[in-house]
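# What the coordinates show
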Amino acid sequence: MIGIICAYLKEAKPLIKYFDLKKINEKFSIYENEKISLIISGQGKLNSAIATTYLLSTKKISNIINFGIAGSPEFKIGEIFLINKINNKFFPDILISHTFRESEIICADEVKIGGEFKLVDMESEGFFKAAIKFLKAHHIYLIKIVSDNLECFKPDDKFMDELINPHLENIEKFFYSLKKEKKTNLSLAEEISKKYNLSFSQKMQLKDRVMFYLLNNRKLPKIDFEKTNRKNDFRRIMDEFKI
Amino acid sequence: MNLRFRHIYVEKRILNNEYVKNILAKFPKAEIIEINHYKDRFNPYYQSFRAQKDAQSLILAKKDPPFIYEASELIQKLGVNFFYTTPMLNCIYDCHYCFLQGMYPSSNLVLFVNFNDFFKEVERVYENLGNLFLSISYDTDILAVENLFGVAKKWADFVKDKNIKLELRTKSVNIDFEYQENLVFAFSLSPETVIERYEKYTPKLKARIKAIKKVINKGFKPVIVFDPIIKLPNFKEVYKDFLQKVFSEINYKNIESIVYGTFRMNSTQFKIIKKQLLSDIYYYPYSVKNGIVEYEDKEEVIKFIENLLPDVKKIFV
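Residues numbered from 1 in each chain as written. Chains lettered and ligands numbered in written order. Predicted model: local features only at pLDDT ≥ 70, side-chain atom pairs only at ≥ 80, totals over all residues.

## Considerations on the overall build of chain A
Applied cut-off: In this text, helices come from DSSP runs of H or I with a minimum length of four residues, and strands from runs of E with a minimum of two, each type numbered from the N-terminal end. For this measure, only C-alpha atoms enter the radius of gyration; the expected value for a globule follows 2.2 Å times N^0.38, where N is the number of residues. Put simply, a residue is buried when 20 or more other C-beta atoms lie within 10 Å of its own C-beta and exposed when 12 or fewer do; between those, it is partly exposed, and each C-beta is set from the backbone. By the convention adopted here, residues make contact when the C-beta atoms placed from their backbones lie within 7 Å.
Within chain A one finds eight helices and nine strands. Computed over the C-alpha atoms, the radius of gyration of chain A is 24 Å, more than 25% above the 18 Å expected from 2.2 N^0.38 for a compact globule of 243 residues. In terms of overall dimensions, chain A has a C-alpha envelope of 80 × 35 × 30 Å along the principal axes. Residue burial in chain A is summarised as follows: out of 243 residues, 38% are buried. In chain A, of all internal contacts separated by at least 6 residues, the share reaching a separation of at least 24 is 64%.

## Notes on the overall build of chain B
For chain B, the helix and strand inventory stands at twelve helices and 18 strands. Taking 317 residues into account, the globule formula puts the C-alpha radius of gyration at 20 Å, and chain B, at 20 Å, falls close to it. Judged by the C-alpha coordinates and their principal axes, chain B covers about 55 × 45 × 35 Å. A separation of at least 24 residues holds for 75% of the contacts in chain B among residues at least 6 apart in sequence.

## Observations regarding the domain arrangement of chain A
For clarity, the threshold we go by: Domain start and end points were adopted from an automatic or database domain assignment.
By the assigned domains, chain A splits into domain 1 (2-177) and domain 2 (187-240). For domain 1 of chain A and domain 2 of chain A, the distance between their C-alpha centres works out to 47 Å.

## Quick word on the interface of chain A and chain B
The condition is simple: All residues other than Ala, Val, Leu, Ile, Met, Phe, Trp, Tyr, Cys, Pro, Asp, Glu, Lys and Arg, Gly among them, are scored as polar; the first ten of these are nonpolar and the last four charged.
Between chain A and chain B, the residue contacts involve 21 residues of the former and 19 residues of the latter. A total of four residues in the side of chain A that touches chain B trace back to one element, the largest contributor, which is helix α7 (residues 200-215) of chain A. In the side of chain A that touches chain B, the residues fall into nine nonpolar, five polar and seven charged.

## Concerning the nonpolar core
For clarity, the cut-off: Here, a nonpolar core means buried Ala, Val, Leu, Ile, Met, Phe, Trp, Tyr and Cys residues linked by C-beta atoms lying within 7 Å of one another.
Judged by nonpolar contacts, the single largest core of 84 residues is most densely connected at B:Ile59, B:Leu60, B:Val110, B:Leu111, B:Leu166 and B:Leu168. Per element, the largest residue contribution to this core is five residues, and it comes from strand β13 (residues 223-229) of chain B. Residues A:Ile5, A:Leu21, A:Ala49 and A:Ala131 belong to the second largest nonpolar core, which totals 54 residues.

## A look at the packing of helix α1 (residues 9-18) of chain A against helix α4 (residues 157-164) of chain A
The angle between the axes and the distance between the axes are what describe a pair of packed helices. All names here are of chain A. Threshold: In this description, a line fitted to the C-alpha atoms serves as the axis of each element, helices being fitted only across the stretch in contact, and the angle between N-to-C directions of two axes falls anywhere from 0 to 180 degrees. Here roughly perpendicular refers to angles of 65 to 115 degrees, roughly parallel to angles under 35, roughly antiparallel to angles over 145, and oblique to all remaining angles. Helix crossings fall into two classes, left-handed where the near helix is turned counterclockwise from the far one by less than a right angle and right-handed where it is turned clockwise.
Where α1 contacts α4, the two axes come as close as 9 Å, and the packing angle between them is 55 degrees. By the angle between their axes, α1 is oblique relative to α4. Seen along the crossing, α1 lies across α4 with a hand that is right-handed. Judged by residue contacts, Lys 10, Glu 11, Lys 13 and Pro 14 of α1 engage Asp 157, Met 160, Asp 161 and Ile 164 from α4.

## Quick look at the sheet that holds strand β1 (residues 7-11) of chain B
All names here are of chain B. The condition is simple: Paired strands are those between which DSSP finds at least two bridges.
Ordered by their spatial adjacency, five strands build an open sheet running β2-β1-β3-β8-β6, and the pairing between neighbours is mixed. In this open sheet, the two edge strands, each paired with only one partner strand, are β2 (31-35) and β6 (88-89). Here β6 runs beside strand β8 (residues 109-112); their pairing, made up of two bridges, is antiparallel. When the sheet's bridge partners are listed, Met 88 is paired in β8 with Leu 111.

## A short note on helix α3 (residues 124-131) of chain A
Burial of α3(A) is extensive: seven of the eight residues sit out of reach of the surface. Among the residues of α3(A), those classed as buried are A:Ser124, A:Glu125, A:Gly126, A:Phe127, A:Phe128, A:Ala130 and A:Ala131.

## Things to note about the environment of A:Ala130
All names here are of chain A. Along the chain, Ala 130 falls in helix α3. Put simply, Ala 130 and Ala 51 are 79 residues apart on the chain and 9.0 Å apart in space, counted from C-alpha to C-alpha. Aside from chain neighbours lying at most four places away, what touches Ala 130 is Ala 49, Thr 52 and Thr 53.

## Quick notes on the sheet that holds β13(B)
Residue and element names in this part refer to chain B. In spatial order, the strands read β4-β5-β9-β10-β11-β13-β14-β18; together these eight strands make up an open sheet with mixed pairing. Unpaired on one side and paired on the other, β4 (68-70) and β18 (314-316) mark the two borders of the sheet. In this sheet, neighbouring strand axes are inclined to one another by 25 degrees on average, regardless of whether the strands run parallel or antiparallel. Note that strand β11 (residues 183-188) and β13 share three bridges and pair parallel. Directly across from Ser 188, in β13, lies its bridge partner Val 225. Where helix α7 (residues 151-159) meets the sheet, it contacts β10 (164-170) and β11, and its direction lies at approximately 160 degrees from that of β10.

## Description of the pairing of strand β9 (residues 140-148) of chain A
Residue and element names in this part refer to chain A. Burial analysis of β9 places eight of its nine residues in the buried class, which makes it a mostly covered element. Of the strand pairs in this sheet, strand β5 (residues 63-71) and β9 are connected by eight bridges, and their pairing is parallel. Counted as the bridge partner of Ile 65 is Tyr 141 from β9. Pairing geometry for strand β6 (residues 80-86) and β9, over three bridges, is antiparallel. Within β9, the position partnered with Ile 80 by the bridge is Ile 145.

## So, the environment of A:Ile132
With respect to the element layout, A:Ile132 can be found in the loop between α3 and β9. By C-beta crowding, A:Ile132 is classed as partly exposed, having 19 other C-beta atoms within 10 Å. Setting aside anything within four residues of it in sequence, one finds A:Ile132 in contact with A:Ala137, A:Ile140 and B:Tyr46.

## Digging into the confidence of the model for chain B
Should pLDDT be low for a region, the predicted coordinates there are not to be read in detail. Heads up, the condition is: You can read pLDDT as the predictor saying how much it trusts each residue, on a scale of 0 to 100.
Chain-level pLDDT for chain B is 94 on average; 97% of the residues reach the 70-or-more range. As a predicted assembly, this complex carries a pTM of 0.93 together with an ipTM value of 0.91.

## Concerning the environment of B:Tyr69
All names here are of chain B. Within the secondary structure, Tyr 69 sits in strand β4. On the basis of neighbour count, Tyr 69 is assigned to the partly exposed category, with 14 C-beta atoms found within 10 Å. The sequence separation of Tyr 69 and Leu 134 amounts to 65 residues, and the corresponding C-alpha distance is 9.5 Å. In this view, Tyr 69 contacts Phe 83 and Tyr 84; residues no more than four positions away in its chain are not counted.

## Some thoughts on the pairing of β1(B)
Residues and elements named next belong to chain B. Note the cut-off: Here, the term right-handed applies to a crossover whose path from the first strand over the helix to the second runs clockwise when the strands point away from the viewer.
The buried count for β1 comes to five of five residues, which makes it a mostly enclosed element. Judged from the five bridges that link them, β1 and β2 form a sheet pairing that is parallel. Within β2, the position partnered with Tyr 9 by the bridge is Ile 33. In the classification by handedness, the crossover that spans β1, the intervening helix α1 (residues 18-25) and the parallel β2 is right-handed.

## Concerning the packing of helix α2 (residues 45-58) of chain A against α3(A)
Residues and elements named next belong to chain A. For the pair α2 and α3, interaxial distance at closest approach is 7 Å and the crossing angle is 30 degrees. Taken together, the axes of α2 and α3 are roughly parallel relative to one another. As for the relative orientation of α2 and α3, their crossing is right-handed in sense. Each of Lys 45, Leu 46, Ser 48, Ala 49, Thr 52, Thr 53 and Leu 56 in α2 lies in contact with α3, whose residues at this interface are Glu 125, Gly 126, Phe 127, Lys 129, Ala 130 and Ala 131. A breakdown of the residues in the contact of α2 with α3 according to their chemical character gives six nonpolar, four polar and three charged.

Next comes the structure, spelled out in structure tokens:
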């Protein structure tokens, strides 16, 4: 599942509509379909970190994205960016090909109306620091759309629709390009260990051997003899899994 | 392999370095990201060595002391003042048996650009000892990126007219060097099956043999390295054919020595790598002696290999 953290409902609404996400009743405002779980965090680093932690602790998330708006003294309103550096010390690992521009971002504690930076928001650092407790950096992304050139303003739904809707197709493509961690199925070793009541150490040795077979595309032997005693049974099993 | 480096991280303190500017000019499409110190990018625990390996970034940095190190007991020391230096961290090749996977949190390539600081320190140690055997490819393959970075050439020029033997250990075929008495090429060779399965992005055996012949023709006496020897299920057959092929193409009288050893690894590194790399190398039966993982029947494997080696100086590691 892809996890999305938005600070405000206004930022999330275009995504909720596009991906047909349904609100589910939980402590946080969470919107979901089969592939996406989106949470509204509220403003600021701490809120973002709390919501990120909640989502990653309660859902099976393979990739997580902080999506939202950002201010910029130099970029055009409406431009979209994938973030490659936060506050000069955190580095999302962008290992996949994508069509967005990249930028660094400064995460501030309060609204900024000027300064020497490219992008500014109030959540990115909190989000990232929480997410790295659960996922490796190449499964953590930040997508930011420039909403203002550091003027104070209150965006309405219409403004947000116009800002975000043109990017939704590309955002969807990006979501589909994200990779999941591959997991090898070692259930056979678990089953055999259970059936013949193998010790922990025997089970680990058997798992290694099953893994060797899987990595070499070897046909796995059928183990179906009558259970005798653990030592003999284990020897017999390992004989079947010869290298 | 296609080295595109989509991201290049550069320490702010070297942004105006001419060498850095030249490297950056070779990658006009890369995202250039300024950093304070290479460790800010290289060290964080939340990276995946494995995931980064297929999309390596380049980090350009300035190395702080120490600049040279004494070689480990796990490799051959040849009874000389064996030192190594690290002009680069990590490697563009992706060998399943490489211990760097268990040593570093990141597989991004770090290139140190303050060459003169390295040279000054080597010069100091050299003046104290009178001679050195210096490897600049000890835990990387510096020749693999020679066409891009030209680091080995800088070192070759530095050691000219000094009693320093400069070892260039490599799997690459980038051997465009004029004859120089104190350059020691050490070519790592493996059977084609091993190359295909476990040495991703490296040149084929045929190309490596061709490179060895070329340096011999220039007057060099290279070292041939069979390390690590991988005990494949049909390893006897594979290594017999392999060694016959190598020495039918290369006259052993033209080589300096043979270095050989079976796969072995520090057990901590072994465990780390096993968790992240799906390779059958880590699922053979091993024994652990003094914290080193090695084949249970290592002696037998070595004996078999030794019987196939020609009559030339041999160094078992």
